[in-house]
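# Structural overview for review
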Amino acid sequence: MASTSGTKGPLEVGRSQSKRMLRAPTRSVDLANEESVVDSEMVPSSLAVLVPILRAALEIEEENPRVAYLCRFHAFEKAHTMDPTSSGRGVRQFKTYLLHKLEKEGELTEKLGKRSDARELQNYYQQFYEKKIRDGEFSQKPEEMAKNVQIAAVLYEVLKTMVAPQSIEDKTKRYAEDVDRKRGQYEHYNILPLYAVGVKPAIMELPEIKAAINALCRVDNLPIPVIHARPDVSNDDSIMPMERLKKVNDILDWIASVFGFQKGNVANQREHLILLLANLNIRNRDVSSYQLHEETVLKLKATIFKNYESWCHYVRCDSNLRFLDDYDMQQMELIYIALYLLIWGEASNIRFMPECICYIFHRMCDKVYEILDKNTIHVTGSTQQVEGRDDEYFLREVISPIYQVLMKEAKRNNKGKASHSNWRNYDDLNEYFWSNKCFHDLSWPLNPKADFFRHSDETQTGHPGRSQASTGVGKRKPKTNFVEVRTFLHLYRSFDRMWIFFILALQAMIIIAWSSLGPVGVFFDADVFRNVTTIFITYAFLNFLQVTLDIILTWNALKNMKFTQLLRYFLKFVVAAVWVVVLPVCFSSSLQNPSGLIKFVTSWAGDWGNQSLYTYVVVLYMLPNIVAAILFFLPPLRRTLERSNMRPITFLMWWAQPKLYVGRGMHESMFSLLKYTLFWIMLLISKLAFSYYVEILPLVGPTKLIMGMPIDNYQWHEFFPENETHNICIVIAIWAPIILVYFMDTQIWYAIYATIFGGIVGAFSHLGEIRTLGMLRSRFQSVPVAFSLRFWTGRDRRNKQEESDETYERNNIAYFSQVWNEFINSMREEDLISDRDRDLLLVPYSSSSVSVIQWPPFLLASKIPIAVDMAKDYKKESDDDLFRKIKNDGYMYSAVVECYETLKDIILSLLRDEEDKRVVMNICYEVERCIQEKTFVREFKMSGLPSLSEKLEKFLSLLRSEDGKLESQIVNVLQDIVEIIIQDVMVDGHLFLQFLQTPQQYHVERGQRFVSIDTSFTNNGTVMEKVIRLHLLLTVKESAINVPQNIEARRRITFFANSLFMNMPKAPKVRDMLSFSVLTPYFKEDVLYSDDELNKENEDGISILFYLSKIYPDEWDNFHERIKSEPLEDKEELIRRWASFRGQTLYRTVRGMMYYWQALILQCFIESAGDNALSEGYRPDSVDKNKKLLEEAQAMADLKFTYVVSCQMYGSQKKSKNIRDRSCYTNILNLMLTHSSLRVAYIDETEDTKNGKSQKVYYSVLVKGGDKYDEEIYRIKLPGPPTEIGEGKPENQNHAIIFTRGEALQTIDMNQDNYYEEAFKMRNVLEEFRRGHSGQRKPTILGIREHIFTGSVSSLAWFMSNQETSFVTIGQRILANPLRVRFHYGHPDIFDRIFHITRGGISKASKVINLSEDIFAGFNSTLRQGFITHHEYIQVGKGRDVGMNQISLFEAKVANGNGEQSLSRDVYRLGRRFDFFRMLSFYFTTVGFYFSSMITVLTVYVFLYGRLYMVLSGVEREILQSPNIHQSKALEEALATQSVVQLGILLVLPMVMEIGLEKGFRTALGDFIIMQLQLASVFFTFQLGTKAHYYGRTLLHGGSKYRPTGRGFVVFHAKFAENYRMYSRSHFVKGLEILILLIVYEVYGESYRSSHLYLFITISMWFLATSWLFAPFLFNPSGFDWQKTVDDWTDWKRWMGNRGGIGISSDKSWESWWDEENEHLKYSNIRGKIIEIILAFRFFMYQYGIVYHMDITHHNKDLLVFGLSWAVLIIILIVLKMVSMGRRRFGTDFQLMFRILKALLFLGFLSVMTVLFVVCGLTVSDLFAAIIAFMPSGWAIILIAQACKVCLKGAKLWDSVKELARAYEYVMGLIIFLPTAILSWFPFVSEFQTRLLFNQAFSRGLQISMILAGKRDTFKSD
C-alpha cells in the first residue's frame, strides 16, 4: 500500500472484513489514483454542493461509466453556473481539472454507449431504484440506504437537466417521489436512525429509546407554526405562497419553528435529549413500559435548571418555569428542557457565558408560556396557529449581536498584547448578567441600542507601539466587578490574610527575640508584652493597604458597580483609615499604663476603670475577627448565610462579602474542615519554631553589636556615615535574605508535610500492596474473588453457606477469566508480551472438565517437573508422605490432577478403537483405585516417571504442530507411552495386559494396538488450548518468575491486581451505568508516522524507527513474532502503526479510548450470558455465531459511550495540497473507517457570495466514517470564526462539546493513552458521581491518576516523568484529601457533564488570562459550589516532553499560565472566599509555588548584592576584624541557612515517597541515587530558573503565549545558537551575573576571610550559576562531539552577523531575535518599564565599588573618582562609536582615511596607557578590575535603553545601542561556548554524556551506528 504521506486520497476500502467482536478490524484506506480524490474530496468550499454528485459518480463508475460521466458533466455545468467568473478560492483549478477529466472520459464512454444518454440514464435510474431502494429497504442497514437514496436523488437531478419534464416517464416520476419521501428517513445519523424504516438497528428497539421518542412526539395540542417566507429569500417557484403551515414531528421541531433554530442544531439536540432521557429512564427499572418515568424528567429538569433557578434567586426575579393546567406537566417540562438545549447548542462562543444563556432562556421561556397560554384561551377544539421563524432567525437576531460584542472586544486585545484592563473578556461580559440591570437595559427582543452593544471605539487608530495600542480613540468600556491589572500587588490583595499573618508573626518573633526573654517569658514582662501588642497597629496598617489596593485595582470597574457596592468600598476605606489613626494614638496614651498578662487578667476581673484604653480598642477592633473565628467552626451556618438571598441576611452579609454570584458557600463539612485545619496548625507551628530558633534568634545578637559599632574606615565614598543611623544599611544587607527565606520556606514545610500525609493517605488506600510479580503470585488466589466483588453484576451469589464452596470460587474464576484473558490478549496485540508469555498468563475459560481449579500456567510452571523429581526420589512404603508434600503446595496439587485428567481426556478423544479406549480406561481405573487404597507407591514404580514425562512432551509437541502428516509419529509415541506405563511404571504390568486379553491376542496385536487415531479434533480451538496448556505444564522447567519480562506489562498487571483491593465502588450493570463521552481536542499534531518520518536519519545516522527498536527491543521482537503468525497485511503499514503506538500520536490515543467501547461490549456479553453459561466455559469470541447478541451489545455500548475528536483543521486538511496535511486527513479518515463509534468534529470554513461580495461562513460539522468516505451528520452555522476570540484549545473543545452525549464527560489530551483493563473500571469510577462525599455532596469533577509513559526515552524524560508522576499521584491525592483544593490539571479528569455545560463549559477561554485553560475549569467548578475528588484505582497513560528544550518550553508555558492566574478574578475570589487554612492550601499549591520559586532566586541576588555592598564598602572587614564580635560564627551560620534551601532536595521528597509507596523504599532510594548520578539536581535547578524567569516576567510585562512544545522523540542535537536563543535571557545572563558577584565577593574579601567559610556560604550559589550556564549543553545529545562543536560555532557566528529586518525570522538573524526578545517591553505598561529601569541600576554598583579599590586612586575616597570613571566609560563608548561610524562612512570610499584614523586611535591608546602606567600608577590588576567594573555598567545602559526604546529611536541612538548589545552577546556567547569546546577535545566526555542521557541499549546502538556511518544502512526495516 502506498504511503499516506503522499497526496493521494482515500478510495478503496477492504470491504470483506468481518468485524470481530472486540478487536475492531484494522481497515485502512487504499490510496487509489489521485484523480478520484480530487474529484469528490478536494472541491472548493464555495462549491460544496457538488460533493454528493461527484461521490455518486464514483460509486456507479464501475457499473455504468457513461452515467458516471454524465453526473460529472452535470457537476461541471453546475459549478460554472454557480461561479461563472471562477472568482472563488480554488474554483478555477478545480474546473480546469474537471474539464480535462471529462474530455478524457467522454471519448472512452462514447464508444461504449449505444443508446442516447437520456435513455441510458433513465433506464439506469429505474434499475437502480428497483434493485437498491425498493428491494433493499428491508435488507439493508440505514447507512447503506442513506447512500443509495442520495445517489438516486443525484441521478434524478441529472436526468431533469437532460430531459424535458414531459418526456420523463411516469414510472420514473413515481420512483423519484418515493425517493424524495425516503430522503428524510435515510439521512446520515449519529447514533440513532430516528426516521429509518426497514431494518432497524438494535438501539432503536430499546424500550427506553422508544419511550423518550414517544414523549417528545406528543405535539398534537400545540399551536401550529405558520412560516412567512422572508422577502429577501428569492425563490424559483413563483407560485409558492408567502405563508405555509410548518410540519411538526416533535417538541424540538415545534420550538425550532417558533424561534427559528437551525435544522442541524435541532437534529443534534433531539438525539442528545433522547439519549439523556433514555439513560435516566433505564435506571428507573420500568423495563417493559414505553412511557417515560415521572422521576426521569423531573430529575433531568432539576439538574439542567439548577443554575438557572439559582441565578433567578440571585437577581431577584421569578423563575419563568411556569406550568399551565391545560397541558401535561411532563410535556411542558420537556419543552423547557428542549428549549434550553437548543439555545445552548447554537450559542457558539456564548456557551462560555452561562448567565447570558440563562438570560436568553429566561426571556424565551416567557414567550413559550405566553404562546401556550394564548392557545388555551381559544378552547374551540382546534389548535391555534402561531407565527413561525426561518431556520437562522435565532442565530441572526440573538447570538450574532452578542458574538459581535465579543469579537470587537477580542480585536481590542491586539492578539493578547494589550493590557487586560483595556478590553472586556468573557467573564466581564458574562458578569454583566449578574445584576438585574440587564433586564432593563437589554429588554427582549434584544435592543441593539442597549449599552451592552454600544462600542465607543469603532474607529481604530493609534500608534501600534504604544501600550494603549488597541484602545483606539473612543473611551473604553468599564470592566465588570474586577480588573486584571498587571502587578505583583495582586498576590497581596488576593491572599492578604496570609501575608498579614506572616508579617505579624515576624514582628512578634523579632520583638520577643530582641527582648531575650524567650517566647514564654514575654507574658510576664509588662513592657515587652505591650511591645508585642503593637502587632495590632501593624495589622491596621496592612488592612488599610489592602482596602486601598482594592479601590486602586478595581478603579476601571467602579463605573459598572451599583451604589451599594461603591458605598461599601468607600466605608471600608474610611473605617480602615480611622483605625490606622485610632490604634497608634491609643497605644501611645497607654504607655503610662503598663499591662503585663497577670495585671491584665486581675484588673479585667477587678476594676474595669483602670484598664488601658488601648486594650478596649484592640478588643473592639478584633470583634469581626472573633465573630469570623466562631463562624469558622460552624460551616453549615456560614454556607446558609452566604447563599441566602433574603434581604435581612444580605444586608448583614453586605459588609462581609462582595455581591457576587459565584464564590458563595464553598464551605466543607465539619470533618474535612478539622482535617485540613489540623494539617496547617501542625505545619505552621513547625515553620514558626524553625524560623524563630534558626533564622531570627541567631541574628539578633550580632545585629545589636553591629548597630552599636562605630565604623569609620570605609573603602569608598559613603553618603551616609553609619554612626548616626546605627549602621542601618548593614543591618538591611544582613536581614533582607533571611526575611525572604522566612516568607518562602513555608513552601518547603508544605513539601515535607504533604509527603508525610500523602504517604499515609496512600498507604491507607492500599496503594502499592501488590507491586511485584512475587507479591502477585502470593495473592493471585484472592484476585478473582476481589474482581467479582467489584465487577460481578449477576445474581448475588454470596450466601454464607456458599462462601467457602468450590463452586463459588469456580464461578469467580470463570467470570474473572473473561476479562483477564481479554486483558492479556490486548497486551499481546500491543506487542508488550510474546506468544509464550501470553500462553503462560491465560486462564482457561472453564474448569468444568477438570476436578480442580485451573490457574494460569505461570503460577503452575515447573510444578510438574518438581513433582516428578519428588516422586522419583521417594523411597518410603506408604503414599502418605508423598501425597502430603504435593497437597501442601496447592498449585502443585492442582497441576498434577489437571495434567492427569486432561491427558486422559485427550488420549481418549484421540482413539477410535473401543478396545484401545478400554485399555486406557483400565489403566486409569488402576491408578485411581491405588490412590484411593493408598497403595500407589507399592503398585507403581516411580523410577519410570521421567521417561514417561519425556514421551508425553514429545506426544504433545506433535499434537501442537500444524503439520497433518504426523499421524504415524503420533501413533508411535502413543504406543511407546502405553508400553512405558505397562512395562516400566506398573509393577504388575504384564499381568495387567494378560488379564485384559488372551495370550494369542497379546502376541498378535502388540504392533496393531493404538493405530486407529483421529487427529481432526485438535482443529477445535478449545482442545488446542488444552494441548498447549498441558505442554507448558510439562515443559516449563524453570520457574516462570520472570513472566512477563516486559516492564510495562508487569506494571500494568500488578497495578490492575492491586486496584481490585482498593476502595473502588461496585460496578453497576451496563444498562444502569452513567452514560459518558470522551472529548479529545486535536490541532495539527502527528496522527500516524509516515515511512519517511520513521526512516529519515539524523546527522548521526539514527532514524526514529532505529531509535524505537533500541529502546523497546523486546516489543520489537514480539512485533516480528506477531506478524509472522498473522495473515500478512501490509508490513510497512504495520510497522508504521507499531512505531506510532509508541509515540505521542492521535492513533495511540484513539486506540486507547476505543477500549471503553470494547470493554462495554464484553461486559454486555457476560451479562447476557448469565451465570450458568459462564461456569460452562462461555467464550466471547464465539459470539460471531450469535449476531443478534452482538448487535444488542453494540447498541448498549453506543447508548452509554461516545467518542468525539475535535479536529479543528480537518476541513482545511481535506482540501489542502500540503503533503503533511493530506496525510493527516487520510489517517484521521482511516481512524473513522476503522472505529465505527468514533466521531470527528471540525470547523468548516466556506465562501458564500452575498450581494456580489464573497464572505466567509463558518460551521461546526460532525462526521463519521462511512463506506469509503466520511459522512456528514450535523452541520451548524456559527456567528463567525469561533477560535479567534479566545485561546485555541478551549475554543476547539467548546465548538465540539455540543456533539458529546451522556451525563459524564472525560477530557482526554492528544498525548494520552488508555489500557483495556483500565477501561473496564469506567463503570466503577462513574459510580463516584452517585456517592455522597464530604457532607453528602456529589462530586462534579472526578480526578484520575496518570501514568507517564515517556519515562524510558532518556534520562531527562525519566526525571520529568518522575516529577510529573509525583504530582499526579501524591500531589493531587493530598490536594483532594485532606486539603480540599484539588482543581482540574489538564486531562484525564471526568466532568459531571450537565453541571458544567450549564455553568460555562469544561475550560475558560479568555485570551492570555486563561492561558492555563484547564485549571480554570476547576476554579469555576469550586466557585460554583462544585466538589472535586481524586481516585487512584484507575489510570490513564500520558506522554510528556522528552528533550531539554521541549521541557523548558513546557515549564515556561506553565509559569506564564501561573503568572496570568495570579492576576485573575478566579484566584482573587478563591483567595478571599476560602477560609484561612484552605486559602493557605490553595496558595501554596498554585501561584504560591511559582512565587516561592521566584523568591528563592531573588534571595540569592539579595544575599549576594548585600555581600557586595559589605565587601566593597569595607564594612565586612571592619565587622569580622572587630574584637567585639565573637559571634561572627553565629552570623555566618544564620546566613548559611538559606544555602540549604537552594539545594531544593526537599522538593524531591514527594517523588521519593511515591516511588517508595508504589515500588518499595529500596527501589525509591536506588532511583534517587541514580537520579543524582545522572545529574537530576542540575536539571531541577535549571528548571527553577525557568519557572522564576517566566513567572516574574509575566507579572511584570505580560507577553504570555501558548508555546507548542512538539512531542516528538529528541534524538537530534540542538545547535548552540538555538540553545543560546532559548536560554540567553532566562538563564545565561542571570548565571553570568551571579558568577561575577561570586568572583567579586571572593576577590575583594579574600584577605580577611577564611576560605572554607566562603565556600560553605556560597557553594549552593556556585552550583546554581554553573547549572544555569551549562545544563542545556550537558543534556544536549552529542553536545560534546568535536565536529558538531565546530559546526555549532560556525552556525552561531553566521547567526550573530546576519542583518535583521522585516520578514527575517529570529532563527536566521541575531537582530530579528533581539527585537523579538524585547517585544514584551514594547507592550509593557509604564510601571513595568520603571521597575525594569530601577532594577538595571544594580549594575552600576560594581563600578561605584570597584573604582575606589583600584591602585590608581591611591585610596582617594572623593566622589570625583566615581565621576572620572564615568568620563572614561563615556570616552570608550564614543571611540567605539567613531570606529563603527568610520567603517560605515569611509570603509568603502576612503579606505586609506579609515586606516589612518584607526592607526591614530591605536597610537593614542598606547600613549594614554603609557602615561597612566608611568605617571598615574596604574597596575595590571587595575585593568582586570576596570573590565569587571565597566562591563556591568554597559549592560545596565543597554537594559535602560531597551526600556526607553521610543525616546532613543527619536534621538537616532538606537543603532548604537544595538551594536553595543551585539558586542555583549558575542562576549557572553564566547564565555559560555569555551568550556564546551574544551571538553569536546576529550573523546571520553562525549561517550560519558551519551551514557548519561540515554539508556544503555541506545548508547550501544548510537556507537555502532557511528562506526557504520559510512554505509548509512545500519538498519532498515527488514
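What counts as what
- Sequence positions are assigned chain by chain, starting from 1 and proceeding in written order.
- For a predicted model such as this one, the threshold for reporting local features is a pLDDT of at least 70, and the threshold for listing and counting side-chain atom pairs is 80 or more; totals across whole chains, interfaces and linings nevertheless cover every residue.
- Derived side-chain values reflect all non-hydrogen atoms in the structure, with water molecules and hydrogen atoms excluded from consideration.
- Helix and strand definitions here come from DSSP, where helices need a minimum of 4 consecutive H or I residues and strands a minimum of 2 consecutive E residues; each element is numbered from the N-terminal end.
- Only protein chains enter the accessibility calculation, which uses a 1.4 Å probe; a residue whose area is less than 20% of its type maximum is buried, one above 50% is exposed, and one in between is partly exposed.
- Residues count as neighbours in contact if any of their non-hydrogen atoms are within 4.5 Å of one another.
- Cavities and pockets are found on a 1 Å grid laid over the protein atoms alone: a cavity is a set of points where a 1.4 Å probe fits but cannot escape, a pocket is an open set with protein on both sides within 12 Å along at least five of seven lines, and a lining residue has an atom within 4 Å of such a point.
- Grid points are joined across faces, edges and corners, and a volume is the space filled by probe spheres set on the points.
- When residue character is reported, Ala, Val, Leu, Ile, Met, Phe, Trp, Tyr, Cys and Pro are called nonpolar, Asp, Glu, Lys and Arg charged, and the others, Gly included, polar.
- Candidates for patches are residues over 30% relative accessible area with no salt bridge; among them, like charges are joined within 9 Å and nonpolar side chains (Val, Leu, Ile, Met, Phe, Trp, Tyr) within 5 Å.
- We get accessible surface area from the Shrake-Rupley algorithm with a probe of 1.4 Å; when it comes to residues, only the shown protein chains can shield them.
- Any carboxyl oxygen of Asp or Glu that lies within 4 Å of a side-chain nitrogen of Lys or Arg is treated as forming a salt bridge with it.
- Stacked, edge-to-face and tilted labels apply to pairs of Phe, Tyr and Trp rings (six-membered ring for Trp) whose centres lie within 6.5 Å, assigned for plane angles under 30 degrees, over 60, and everything in between, in that order.
- By definition here, charges over rings are those cases where NZ of Lys or CZ of Arg is within 6 Å of the ring centre and within 35 degrees of the ring normal.
- Being paired, for any two strands, means DSSP has found at least two bridges between them.
- Here, axes are lines fitted to C-alpha atoms. For helices the fit covers the stretch in contact, and angles between N-to-C directions go from 0 to 180 degrees.
- Throughout this description, the term nonpolar core refers to a set of buried Ala, Val, Leu, Ile, Met, Phe, Trp, Tyr and Cys residues connected via side-chain atoms within 4.5 Å.

Here we take up the overall build of the protein. When helices and strands are counted, the protein shows 84 helices and 15 strands. Expressed as a percentage of the 1918 residues in the protein, the buried residues total 59%. Taking the intrachain contacts of the protein between residues at least 6 apart in sequence as the baseline, contacts between residues at least 24 apart amount to 80%.

Turning next to empty space enclosed by the protein. Under the criterion given, the structure shown has 13 cavities of 30 Å³ or more. Size it by volume and the largest cavity reaches roughly 170 Å³. Breaking the lining of the largest cavity down by element, the ones donating at least two residues are helix H16 (426–431), helix H61 (1413–1423) and helix H63 (1465–1473). Counting residues per element, the lining of the largest cavity draws most heavily on H16, which supplies four residues. Taken as a whole, the second largest cavity holds about 80 Å³ of empty space. Contributing to the lining of the second largest cavity are Glu668, Arg1337, Arg1380, Val1381, Arg1382, Thr1422, Gly1426, Phe1427, Ile1428 and Arg1478. Of the residues that constitute the lining of the second largest cavity, the class distribution is three nonpolar, two polar and five charged.

On the surface, Val1811, Phe1813, Val1814, Val1815, Val1820, Leu1823, Phe1824, Ile1827, Met1831, Tyr1866, Val1867 and Ile1871 cluster together into a nonpolar patch covering about 1,100 Å² of accessible area. Put simply, the parts of the chain that give the nonpolar patch at least two residues each are helix H79 (1791–1816), helix H80 (1820–1843) and helix H82 (1854–1880). The leading source of residues in the nonpolar patch is H80, at five residues. Within the secondary structure layout, Leu1823 lies in helix H80.

To continue, consider the packing of aromatic side chains. How two aromatic rings sit relative to each other is set out by the distance from centre to centre and by the angle between their planes. Taken as a whole, this structure holds 115 aromatic pairs when the rule is applied. Each ring, one from Tyr539 and one from Tyr621, has its centre 5.5 Å from the other, and the planes form 65°; the classification is edge-to-face. Within this pair, whereas Tyr539 is found in helix H22 (residues 535–553), its partner Tyr621 is found in helix H25 (residues 613–632), the two being separated by 82 residues in sequence. Neither Tyr539 nor Tyr621 differs from the other in exposure class; each is buried. Taken together, a centroid distance of 6.3 Å and an interplanar angle of 40° make the contact between Trp1358 and Phe1359 tilted. Over the face of the ring belonging to Tyr369 we find Arg322, whose NZ or CZ atom lies 4.0 Å from the ring centre. A cation over an aromatic ring shows up here: Lys1264 above the ring of Tyr189, its NZ or CZ 4.0 Å from the ring centre.

Another point: the sheet that holds strand S7 (residues 1201–1207). Taken in spatial order, the ten strands line up as S10-S9-S8-S7-S6-S11-S14-S13-S15-S12 in an open sheet, and their pairing is mixed. The outermost strands of the open sheet, each flanked by one partner alone, are strand S10 (1270–1277) and strand S12 (1312–1313). The pairing of S12 with strand S15 (residues 1428–1438) spans two bridges and is classified as antiparallel. Each bridged residue has a counterpart across the sheet, and for Asp1313 the counterpart in S15 is Gly1437. Strand contacts of helix H59 (residues 1355–1376): strand S13 (1341–1348) and S15, with the helix running at about 160° to S15, the strand carrying the most contacts.

The nonpolar side chains of a soluble globular protein tend to be buried, and buried together. Formed by 507 residues in total, the largest nonpolar core has its most connected members in Phe261 and Phe955. Not counting the four nearest positions on each side in its chain, Phe261 is found in contact with Ile255, Ala256, Val266, Leu339, Leu342, Ile343, Glu346, Met364, Asp391 and Phe394. Residues Leu70, Ala75, Val149 and Leu155 belong to the second largest nonpolar core, which totals 44 residues.

Read these as spatial facts, not as claims about activity.
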